[in-house]
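As a plain string of letters, each chain reads:
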Amino acid sequence: MNAAADRTSNWVAWVLLGPGLLFLAGVLVMPLVDMTVISFRSESFGQIMPGFTLKNYASFFRDTTYVQLFLQTFGAAALVTLLCILFGFPVASLIADAPAKWRGLLYFLVAAPLLVNTVVRTYGWLLILGRKGLINEALAGMHLLESPLALSGNYIGLVIGGTQVFLPFMILSIATSLVAIEKQLIESSAILGAGPLRTFFQVKLPLAMPGIIAGSVLVFSLMLGAFVTPLILGGTAIKYLSVAVYTDALVLFNLPRATALAIVLLAVVLLVYALQKRTMRRYEEFL
Amino acid sequence: MRIIAGLEKVDSGSVLIDGKDVTHLPPRERNLGMVFQQYSLFPHMTVAENIAYGLRVKRHSESEIERTLGEMLELVRLPTLRDRRPMQLSGGQQQRIALARALATRPSLLMLDEPLGALDLKLRRQMQAELKRIHRETGATFLFVTHDQDEALFLSDRVAVMRSGRIEQLDVPGRIYRNPVNEFVADFVGDVSLLECEYDVGRRGITVKGEFIPMPLDGAPRHIALAVRPENVRLAISAEPGGLRGQIEDIAYQAGTTLYSVRLANGALVKSRGLGAPSPDFVLGTPIRVHISDCHVAFPREGGR
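None of these values were measured; they are calculated from a predicted model.

The rules behind the values
- Residues numbered from 1 in each chain as written.
- Chains lettered and ligands numbered in written order.
- Predicted model: local features only at pLDDT ≥ 70, side-chain atom pairs only at ≥ 80, totals over all residues.
- Heavy atoms only, no water.
- Buried < 20%, exposed > 50% of the residue type's maximum accessible area, 1.4 Å probe, protein only.
- Helix = DSSP H or I, 4+ residues; strand = E, 2+ residues; numbered from the N terminus.
- Pairing = 2+ DSSP bridges.
- 1 Å grid on protein atoms, 1.4 Å probe; cavity = no way out; pocket = protein on both sides within 12 Å on 5 of 7 lines; lining within 4 Å.
- Points joined across faces, edges and corners; volume = space filled by probe spheres on them.
- Nonpolar A, V, L, I, M, F, W, Y, C, P; charged D, E, K, R; others polar.
- Arc of directions from axis to C-beta.
- Contact = heavy atoms within 4.5 Å.
- Polar contact = N/O pair within 3.5 Å; in protein donor to acceptor, adjacent residues only side chain to side chain.
- Core = buried A, V, L, I, M, F, W, Y, C linked by side-chain atoms within 4.5 Å.
- pLDDT = per-residue confidence, 0-100.
- Axes fitted to C-alpha atoms, helices over the stretch in contact; angles between N-to-C directions.
- Parallel < 35°, antiparallel > 145°, perpendicular 65-115°, else oblique.
- Left-handed = near helix turned anticlockwise from the far one by under 90°.
- Salt bridge = Lys/Arg side-chain N within 4 Å of Asp/Glu carboxyl O.

Caption draft 1: Quick look at the pairing of strand β14 (residues 257–264) of chain B. Residue and element names in this part refer to chain B. By the criterion of burial, β14 is predominantly enclosed, with seven of the eight residues buried. Across eight bridges, the pairing between strand β13 (residues 244–254) and β14 is antiparallel. Bridge pairing links Gln-254 to Thr-257 in β14. Taking the residues between adjacent antiparallel strands as the criterion, β13 and β14 are bridged by two residues, where Ala-255 takes a positive phi near 25°. By the bridge criterion, seven bridges tie β14 to strand β15 (residues 269–275) in an arrangement that is antiparallel. Along β15, the bridge assignment pairs Leu-259 with Arg-273. Counting the residues in the hairpin turn of β14 and β15 gives four residues, including Gly-267, whose phi is positive at 95°.

Rendered as structure tokens:
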């Protein structure tokens with residue numbers, strides 16, 4: 001009787017899940033399969049040719065411009081992640097140490113920028129960083145500069161913009177970890193004779209690692225996939241993977257190469273997630 | 001306790017440890033040990049790393065750390081657990097490791113903030129005995145906060161009964177129990193019945209609703225509240241002369257002893273503890289007579305009833 005009831009509830013669960021699963025299959029799985037197939041085709045004058053080829057992928061390893069593209073993209077994403085940790089940790093620490101009644105407001109303030117469209121925010125940065133932007137005008141006004149600093153249309157702009165855009169994810173992720181740290185652990189460390197620095201590096205930081213790792217994976221993969229920020233603040237001069245995919249697909253009509261690039265991007269992100277899972281399992285053992 | 005540890009700032013007054021004013025020293029310069037109720041072991045460190053933490057901070061040599069570590073694990077009788085992580089230990093084991101960590105640096109004062117509060121009764125009793133042994137073996141000063149009065153009496157050389165941040169009585173356990181300074185202390189420590197009665201100076205005894213029990217209380221005022229411990233109350237069948245008349249209202253058998261609640265003629269409830277199982281002479285509703293032996297404290301009462 002129980003087994004029968006279980007079967008019924010199973011059946012109901014599948015029916016309820018059905019529409020969602022069908023939707024996912026239609027808009028996620030199918031296109032992915034399609035993309036994977038196309039990435040092994042060749043292209044001629046914007047047409048996808050039949051047949052199987054590895055040359056799309058092979059060129060990524062042979063062609064130095066592609067090697068450079070990958071290195072610069074991953075480098076920029078890694079730098080953004082690092083900066084997010086450096087800027088995010090103190091803010092997260094402040095939130096975690098704040099009285100509980102203030103925390104809600106602080107969380108909101110951190111998350112508030114996410115309510116503004118990324119395009120709008122990135123254009124905001126352009127107003128600040130541009131050749132005739134706030135910073136350059138101000139510095140020029142103080143006669144500190146002879147020619148404007150190149151703060152946008154290059155990697156500097158990309159990294160500044162990316163850091164600001166994705167910082168909230170890092171802060172929220174680290175804050176969650178820090179809030180969970182028992183206050184008595186910090187106090188125990190102090191009573192045992194440790195100074196603030198030792199307590200930070202030996203107690204607080206190790207216990208915040210799950211949050212830092214989760215935040216890093218989030219920011220790194222979001223930054224890899226970011227398109228608007230690199231396009232607006234990086235401009236056309238820089239090499240960025242997501243922008244390259246866009247150019248290949250919609251400007252050069254080389255779908256096979258664009259999909260191959262996208263698949264590589266996807267593979268990297270999956271790899272990063274797999275690494276995160278592994279390291280997190282180590283922490284779950286004792287936290 | 002948090003003020004002694006330096007975790008909380010003082011509004012007024014000062015903190016002296018071994019005669020030295022530490023009021024404005026940060027916690028790390030006070031050379032204290034502290035054990036929290038939630039154990040608060042560092043979850044990312046092994047047992048050995050936890051215990052060695054304070055020693056590493058104080059830059060002891062590795063050989064010295066190793067020796068102290070062995071001593072501490074021996075002291076808390078968990079020598080085989082050094083490479084485990086706190087999550088892999090039971091509550092009682094974690095508490096012992098927390099104790100070892102706090103004692104490793106040989107603090108001038110070890111503070112224990114309801115350390116056994118999270119343990120079940122049996123483990124609690126076991127840990128109390130362990131604590132007593134460790135206290136004896138280390139010879140360190142322990143400051144132990146608890147809400148469990150039995151625990152306080154059992155463990156301590158001196159007990160301070162506190163009410164809203166003030167010490168009501170600071171004394172050896174025996175005197176706290178037998179000679180409480182006020183009703184709060186009397187009521188807080190152990191079972192007690194407060195019996196409102198009048199003291200008859202001439203006959204040297206107390207009267208309750210006309211009934212008299214001889215009881216010399218030198219210097220007692222007329223209206224008093226007598227603090228009576230259940231073990232000093234003897235019940236007798238109602239045919240026996242003397243004593244106060246009452247009726248058994250409740251009987252509770254408690255491992256080895258029986259606690260009777262007796263309602264007296266004046267409405268007061270008096271508890272009596274007898275050895276062994278409930279006596280067949282005394283069942284619910286039995287009219288009986290209550291005798292109070294001479295171990296007692298009287299508190300003055302204004303007016304009377």
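Caption draft 2: Structural detail: empty space enclosed by the protein. Summed over the entire model, instances satisfying the criterion amount to two cavities of 30 Å³ or more. Here the second largest cavity is characterised by a volume of approximately 40 Å³. Residue lining of the second largest cavity: Ser-188, Ile-191 and Leu-192 of chain A together with Met-34, Arg-101 and Ala-102 of chain B, and that is the complete set. Going through the elements one at a time, α8 (183–191) of chain A together with α4 (91–104) of chain B are the ones with two or more residues in the lining of the second largest cavity. Looking at side-chain class alone, the lining of the second largest cavity contains four nonpolar, one polar and one charged residues.

Caption draft 3: Quick peek at helix α2 (residues 55–62) of chain A. Residues and elements named next belong to chain A. Within α2, the full set of buried residues consists of Asn-56, Tyr-57, Ser-59 and Phe-60. For α2, the angular spread of the buried residues around the axis is 155°, confining them to a single face. Among the exposed residues of α2, those oriented more than 90 degrees off its buried face are Phe-61 and Arg-62. Packing partners of the buried residues in α2 comprise α3 (64–97) and α12 (255–284).

Caption draft 4: Seen up close, the side chain of Asp-148 of chain B. All names here are of chain B. Mapped onto the fold, Asp-148 is located in the loop between β5 (142–145) and α6 (149–155). Note on Asp-148: relative accessible area 16%, which makes it buried. A polar contact is formed between the side chain of Asp-148 and the side chain of Arg-124, at a distance of 3.5 Å. Those residues in contact with Asp-148, other than ones at most four positions away along the chain, are Arg-124, Arg-125 and Gln-128.

Caption draft 5: The nonpolar core, seen in detail. Ranked by size, the top nonpolar core spans 60 residues in total, and within it Phe-60, Leu-178, Met-223, Tyr-240 and Leu-261 of chain A together with Tyr-53 of chain B carry the most contacts. Breaking this core down by element, the ones donating at least two residues are α2, α3, α7 (155–179), α9 (196–225), α11 (241–251) and α12 of chain A together with α2 (47–57) of chain B. The leading source of residues in this core is α3 of chain A, at eleven residues. Sequence-distant contacts of Tyr-240 of chain A, that is, excluding residues within four places in its chain, are made with Leu-69, Thr-73, Ala-76, Ala-77, Leu-158, Met-223, Leu-224, Ala-226 and Pro-230 of chain A.

Caption draft 6: Region of the structure containing the confidence of the model for chain A. Confidence in the prediction for chain A averages 83 pLDDT; 95% of positions are at 70 or higher. The secondary structure element of chain A with the lowest average pLDDT is strand β2 (residues 47–49) of chain A, at 69, and the one with the highest is α9 of chain A, at 90.

Caption draft 7: Layout of the sheet that holds strand β10 (residues 211–214) of chain B. All names here are of chain B. The five strands are arranged β10-β9-β8-β11-β17 in an open sheet whose pairing can be described as antiparallel. The sheet is open, and its two edges are formed by β10 and β17 (297–300), each paired on a single side. Going across the sheet, the axis of each strand differs from the next one's by a mean of 40°, ignoring polarity. In terms of strand pairing, strand β8 (residues 193–200) meets strand β9 (residues 205–208) through three bridges, oriented antiparallel. By the bridge assignment, Tyr-199 is partnered in β9 with Ile-206.

Caption draft 8: Up close: the packing of α2 of chain A against α12 of chain A. All names here are of chain A. Running from N to C, α2 and α12 point in directions that differ by 65°, and their axes come no closer than 9 Å. Accordingly, the angle class assigned to the pair α2 and α12 is roughly perpendicular. The interaxial crossing formed by α2 with α12 has right-handed handedness. Residues Asn-56, Tyr-57 and Phe-60 of α2 lie in contact with α12, whose contacting residues are Pro-256, Arg-257, Ala-260, Leu-261, Ile-263 and Val-264. Of the residues that constitute the contact of α2 with α12, the class distribution is seven nonpolar, one polar and one charged.

Caption draft 9: Inspection of unusual backbone geometry at higher detail. All names here are of chain B. Even without being a glycine, Arg-59 presents a positive backbone phi close to 55°. Along the chain, the position of Arg-59 falls in the loop between α2 and α3 (62–75). We classify Arg-59 as exposed; its relative accessible area is 69%. The phi torsion at Arg-77 lies on the positive side, around 60°, for a residue other than glycine. Here Arg-77 lies in the loop between α3 and α4.

Caption draft 10: Structural view of the pattern of salt bridges. Enumeration over the complete set of coordinates arrives at 20 salt bridges over all chains. Where Lys-204 of chain A meets Asp-97 of chain A, a salt bridge forms, and the shortest distance between an N and an O atom there is 3.9 Å. Separated by 107 residues along the polypeptide, Lys-204 of chain A in helix α9 and Asp-97 of chain A in helix α3 bring together distant segments of the chain. By relative accessible area, Lys-204 of chain A is classed as buried at 17%. Of the charged contacts in the structure, one is a salt bridge between Asp-200 of chain B and Arg-203 of chain B, with a shortest N-O distance of 3.9 Å. Classification of Asp-200 of chain B by relative accessible area gives partly exposed; the value is 23%. The network of salt bridges with common partners includes Arg-77, Arg-96, Glu-130, Arg-133 and Glu-137 of chain B.

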